[in-house]
Amino acid sequence: QVQLVESGGGLVQAGGSLRLSCAASTRTFDIYAMGWFRQAPGKEREFVAALSRSGVETYYADSVKGRFTISRDNDKNTVYLQMDSLKAGDTAVYYCARKALLSTAWFETAEYDYWGQGTQVTVSS
């Protein structure tokens, strides 16, 4: 059973930064692509960012492009989401997820097979 544990969420003022971490309890972390999603109250869970197993390929939602950076450290079984220039609209619960091994798409929740419990990010305006 794979466990994904997010940390780093909190309350920050608009324009500030946070770095989220997601630690995976698996020895095969480096063969899976990983992603971050978020869900605001009353809204569907939406794609934020993803990266390939090597970290060379990265993908971002248009709403965060240029402000968020996804990265990973395969030696530490951890994926990160650096969030800069935060806006009130970024307020949500943020989830990390493991992309299914045979999946070919990147942006849909159905392409990811394991999820963390989420971490709250609140941006005050």
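Being a predicted model, the structure only gives us computed values, none of them experimental.

**Remarks on the sheet that holds strand E1 (residues 4–7)**
Stage number 1. Here we have 4 strands laid out as an open sheet, ordered E1-E3-E8-E7, and antiparallel in their pairing. At either end of the open sheet lies a strand with only one pairing partner, and these are E1 and strand E7 (68–73). Across the sheet, the axes of successive neighbouring strands diverge by a mean angle of 15°, strand direction being ignored.
Stage number 2. Sheet topology places E7 next to strand E8 (residues 78–83); 6 bridges connect them, and they run antiparallel. Its bridge partner lying in E8, Ser 71 is registered against Tyr 80.

**Let's talk about the environment of Val 48**
Stage number 1. Residue placement: Val 48 occurs in strand E5 (residues 46–51).
Stage number 2. Considered as a pair, Val 48 and Ala 92 are 44 residues apart in the sequence and their alpha carbons are 11 Å apart.
Stage number 3. Ignoring anything within four residues of it in the chain, the contact list for Val 48 reads Trp 36, Phe 37, Arg 38, Tyr 59, Tyr 60, Ala 61, Val 64, Phe 68, Leu 81 and Tyr 94.

**Quick word on the pairing of E5**
Stage number 1. For E5, the buried fraction is high: 5 of the 6 residues fall into the buried class.
Stage number 2. Alignment of strand E4 (residues 34–39) against E5, held across 5 bridges, turns out to be antiparallel. Residue pairing across strands places Met 34 opposite Leu 51, the latter belonging to E5.
Stage number 3. Hairpin connection of E4 to E5: 6 residues between the antiparallel strands, including Gly 42 at a positive phi of 75°.
Stage number 4. Pairing analysis gives 3 bridges linking E5 to strand E6 (residues 58–60), with the strands arranged antiparallel.

**Re the environment of Ser 63**
Stage number 1. Tracing the sequence through the fold places Ser 63 in the loop between E6 and E7.
Stage number 2. For Ser 63, the side chain forms a polar contact with the side chain of Arg 38, separated by 3.5 Å.

**Quick notes on the packing of aromatic side chains**
Stage number 1. With the rule as written, the count across this model stands at 7 aromatic pairs.
Stage number 2. Aromatic pair Phe 37 and Tyr 112: ring centres 4.9 Å apart, planes at 80°, arrangement edge-to-face. Remark: Tyr 112 occurs in strand E10 (residues 112–115) and Phe 37 occurs in strand E4; sequence separation between them is 75 residues.
Stage number 3. Classification of Tyr 112 by relative accessible area gives buried; the value is 5%.
Stage number 4. One aromatic cluster is present, formed by Phe 37, Phe 47, Tyr 59, Trp 106, Phe 107, Tyr 112 and Trp 115 through successive ring pairs.

About the criteria used
Residues numbered from 1 in each chain as written. Predicted model: local features only at pLDDT ≥ 70, side-chain atom pairs only at ≥ 80, totals over all residues. Heavy atoms only, no water. Pairing = 2+ DSSP bridges. Helix = DSSP H or I, 4+ residues; strand = E, 2+ residues; numbered from the N terminus. Axes fitted to C-alpha atoms, helices over the stretch in contact; angles between N-to-C directions. Contact = heavy atoms within 4.5 Å. Buried < 20%, exposed > 50% of the residue type's maximum accessible area, 1.4 Å probe, protein only. Polar contact = N/O pair within 3.5 Å; in protein donor to acceptor, adjacent residues only side chain to side chain. Phe/Tyr/Trp six-rings, centres within 6.5 Å; stacked < 30°, edge-to-face > 60°.

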